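Summary of structural features
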Amino acid sequence: MVRLAITFAALIAVSTTQAQCTGPPVNQATIDLIAEFEGFSADVYNDPTGNPTIGYGHLCQQSGCSEIPYSIPLSEADGKRLLADDVIPPQNCITQQTAEPVTLNANQYGALVSWAFNVGCGNSGSSSLITRLNNGEDPQTVIAEELPRWNQSGGQVLPGLVRRRAAEVGLAGTATSDPALPAGTC
Ligand SMILES: *[C@@H]1O[C@H](CO)[C@@H](O)[C@H](O)[C@H]1NC(C)=O
């Protein structure tokens, strides 16, 4: 019985892994865009909810951010390395929320990852933006029409969000031959 139980658990683990897929890493233009809008701190500070934070809005586990593998004060280059790890969840959710055959180049994908990083994967997943992409509409049209709508926080239009959405639409509209989605493993 014990053997059977272990085998069963292993099967569940395998099928769970296969149902997920890993989003490709965003390009440097995307890291630079997110970095610009997050702002940089070389030293640890407490965010508005009291969490220790460093670099480009990286939330730490330990006070003093002692768990990060870089020296403090943090360099901007190391800050971008932390940021490249922090974009993994939004990379994965944009990849998993879009259904084949949605095809995005590296800049269109990066724009959507920046947006999901900012608004959260729950909001991206229930958005009309993702629904329209999955209905087969032209990505450039959908991105240009839908991203600017995400300009509010707490019921107010924030100029920083208006600028960020414009920068994301600009990135998405920048021609590139680098593909991003569909990702081969999904
Ligand atoms: C903010 O988004 C709304 C739609 O959600 C739009 O009507 C409005 O024009 C936008 N404001 C700015 C300043 O872009």
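To start, this report covers the structure provided alongside it. Just so it is clear, the model here is predicted, and its values are computed rather than measured. Counting restarts for each chain, with residues numbered from 1 along the sequence as it is written. Under the rules for a predicted model, residues below a pLDDT of 70 receive no local features and side-chain atom pairs below 80 are neither given nor counted, while totals for whole chains, interfaces and linings still include all residues. Derived side-chain values reflect all non-hydrogen atoms in the structure, with water molecules and hydrogen atoms excluded from consideration.

Considerations on the overall build of the chain
The way it works is that DSSP assigns letters per residue, a run of H or I at least four long becomes a helix, a run of E at least two long becomes a strand, and they are numbered from the N terminus. Per the secondary structure count, the chain includes nine helices and seven strands. To sort residues, take the accessible area from a 1.4 Å probe on protein chains only and compare it with the maximum for the residue type: under 20% means buried, over 50% means exposed, and anything in between is partly exposed. For the chain, with 186 residues in total, the buried portion stands at 37%. The long-range share in the chain, meaning contacts at least 24 apart out of those at least 6 apart in sequence, stands at 62%. Per-residue and other accessible areas follow the Shrake-Rupley method at a 1.4 Å probe size, with only the shown protein chains counted as cover for residues. Accessible surface computed for the chain: about 10100 Å², of which carbon and sulfur atoms make up 55%. Contacts were defined at the residue level, with two residues in contact if any of their heavy atoms lie within 4.5 Å.

Let's talk about the pairing of strand S2 (residues 52–55)
For two strands to count as paired, DSSP must find a minimum of two bridges between them. Examined bridge by bridge, strand S1 (residues 41–46) and S2 share three bridges and lie antiparallel to one another. For Ser41, the partnering residue across the bridge sits in S2 and is Gly55. For S2 and strand S3 (residues 58–59), the ladder comprises two bridges, and the chain directions are antiparallel. What sits directly across from Thr53, in S3, is Leu59.

So, the site of the ligand
It suffices for a single heavy atom of a residue to lie within 4 Å of a molecule or strand for the residue to be listed as near it. Taken together, Pro148, Arg149, Asn151 and Val162 form the complete shell of residues around the ligand. The definition of a polar contact used here is a pair of N or O atoms within 3.5 Å, where within protein one atom must be able to donate a hydrogen and the other to accept one, and adjacent residues in sequence count solely through side-chain atom pairs. Here an oxygen atom of the ligand and a backbone polar atom of Arg149 are 3.4 Å apart. At 2.3 Å from an oxygen atom of the ligand is found a side-chain nitrogen or oxygen belonging to Asn151. When the ligand is considered free in solution it has 360 Å² of accessible area, and contact with the protein chains removes 41% of it.

What to know about the packing of helix H2 (residues 28–38) against helix H5 (residues 106–119)
Direction vectors running N to C along H2 and H5 enclose 30°, while the axes themselves pass 9 Å from each other. Considering the angle they form, H2 stands roughly parallel to H5. H2 and H5 meet at a crossing whose hand is right-handed. Facing H2, whose interface residues are Thr30, Leu33, Ile34 and Glu38, H5 presents Ala106, Gly110, Ser114 and Phe117. Tallied by class, residues from the contact of H2 with H5 come to four nonpolar, three polar and one charged. Orientation is described by lines fitted to C-alpha atoms, with helices fitted over the stretch in contact, and by angles between N-to-C directions that extend from 0 to 180 degrees. Under this scheme an angle from 65 to 115 degrees is roughly perpendicular, one under 35 degrees roughly parallel, and one over 145 degrees roughly antiparallel; angles in between are oblique. Throughout, a crossing is termed right-handed when the near helix is turned clockwise from the far one, and left-handed when it is turned anticlockwise from it by less than a right angle. Three categories are distinguished: nonpolar for Ala, Val, Leu, Ile, Met, Phe, Trp, Tyr, Cys and Pro, charged for Asp, Glu, Lys and Arg, and polar for the others, with Gly belonging to the last.

Section: the pattern of salt bridges
By definition, a salt bridge exists where a carboxyl oxygen of Asp or Glu is found within 4 Å of a side-chain nitrogen of Lys or Arg. Overall, the coordinates contain nine salt bridges when judged by the stated rule. When the shortest N-O distance is used, the salt bridge between Glu146 and Arg132 registers 2.8 Å. Remark: Arg132 occurs in helix H7 (residues 128–134) and Glu146 occurs in helix H8 (residues 139–146); sequence separation between them is 14 residues. Both residues of the pair, Glu146 and Arg132, belong to the buried class. Between Arg149 and Glu146 there is a salt bridge, with the nearest N and O atoms lying 2.9 Å from each other. Through salt bridges with shared partners, a single ionic network connects Arg132, Glu137, Glu145, Glu146 and Arg149.

Digging into the packing of H2 against helix H9 (residues 159–172)
Interaxial distance between H2 and H9 falls to 11 Å at its minimum, and their mutual angle equals 170°. Relative to H9, the element H2 lies roughly antiparallel. Of the residues in H9, those in contact with Ala29, Thr30, Leu33, Ile34, Phe37 and Glu38 of H2 are Gly160, Arg163, Arg164, Ala167, Glu168 and Leu171. Residues belonging to the contact of H2 with H9 are distributed by class as follows: six nonpolar, two polar and four charged.

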